Amino acid sequence: MAAERNVRVEGNTRHGIPHEVILEYADETDADLIVVGEHGAHEAHFSGVGQTVLEGSGREVRVIEAER
């Protein structure tokens, strides 16, 4: 879908503390946007990795809700 819209997407598999690895990778690639899937069942809010990335990044972050 991204290629059809001329959007470059990069990804990588790494090991470590999730929010730290995500933020380091975003810095290394000079990411314009960080997209993180939510984890768990959260009715009115999200927490965990997505929240920590959002709070720890100066970049745009979008946490995508899981299908219910």
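Along each chain, residues carry numbers from 1 onward, in the same order as the chain's sequence is written. Predicted model: local features are reported for residues with pLDDT of at least 70 only, side-chain atom pairs are reported and counted for 80 or more only, and whole-chain, interface and lining totals are derived from all residues. Side-chain measures were taken over the full set of non-hydrogen atoms in the model, leaving aside hydrogen atoms and water.

Novice: Account for helix α1 (residues 18–29), naming residues and giving values.
Specialist: Numbered from the N terminus, helices here are DSSP runs of H or I no shorter than four residues, and strands are runs of E no shorter than two. Expected helix span is taken as 1.5 Å per residue step, with the number of steps being one fewer than the number of residues. Between its first and last C-alpha atoms α1 spans 17 Å; for 12 residues at 1.5 Å apiece the expected length is 16 Å, and the two agree. The rule is simple: take the accessible area with a 1.4 Å probe, protein chains only, and divide by the maximum for that residue type; under 20% is buried, over 50% is exposed, in between is partly exposed. Along α1, the residues classified as buried are Val21, Leu23, Tyr25 and Ala26. Each element contacted by the buried residues of α1 is listed here: β1 (33–37) and α2 (49–56). Phi turns positive one or two residues past the end of α1, at Asp30, with a value near 50 degrees. A contact between two residues is defined here by any heavy atoms of the two lying within 4.5 Å.

Novice: Give a description of the nonpolar core that names residues and reports values.
Specialist: For our purposes a nonpolar core is just a set of buried Ala, Val, Leu, Ile, Met, Phe, Trp, Tyr and Cys residues, chained together by side-chain atoms within 4.5 Å. By size, the foremost hydrophobic cluster in this structure holds seven residues: Leu23, Ala26, Ala31, Ile34, Val36, Val53 and Val61. Secondary structure elements with two or more residues in this core: α1 and β1. Not counting residues within four places of it along the chain, the set of residues in contact with Ala31 comprises Ala26 and Arg59.

Novice: Explain the environment of Arg59 to me, using residue names and the numbers behind them.
Specialist: Within the element layout of this structure, Arg59 appears in the loop between α2 and β2 (60–64). Residue Arg59 is classed as partly exposed on the basis of its relative accessible area, which comes to 23%. Residues in contact with Arg59, not counting those within four places in the same chain, are Ala26, Asp27, Asp30, Ala31 and Ile34. A polar contact is formed between the side chain of Arg59 and the backbone oxygen of Ala31, at a distance of 2.7 Å. What qualifies as a polar contact is a pair of N or O atoms within 3.5 Å, subject to a donor-acceptor requirement within protein and to the restriction that residues adjacent in sequence count only when both atoms come from side chains.

Novice: Report on the packing of α1 against α2, specifying residues and quantitative values.
Specialist: Every axis corresponds to a line fitted to the C-alpha atoms, with the helix fit spanning only the stretch in contact, and the corresponding angles, defined between N-to-C directions, vary from 0 to 180 degrees. Following both chains from N to C, one finds α1 and α2 inclined at 40 degrees, their axes separated by 9 Å at the closest point. In terms of orientation, α1 lies oblique with respect to α2. The handedness of the crossing between α1 and α2 comes out as right-handed. Residues Pro18, His19, Ile22 and Leu23 of α1 pack against Val49, Thr52, Val53 and Gly56 of α2. Ten residues, namely Ala, Val, Leu, Ile, Met, Phe, Trp, Tyr, Cys and Pro, are considered nonpolar, four, namely Asp, Glu, Lys and Arg, are considered charged, and the remaining ones, Gly among them, are considered polar. Split by residue class, the contact of α1 with α2 holds five nonpolar, three polar and no charged. In these notes the angle categories are as follows: under 35 degrees is roughly parallel, over 145 is roughly antiparallel, 65 to 115 is roughly perpendicular, and the rest is oblique. Left-handed is the label given to a crossing in which the near helix is rotated counterclockwise from the far helix by less than a right angle, and right-handed is the label when the rotation is clockwise.

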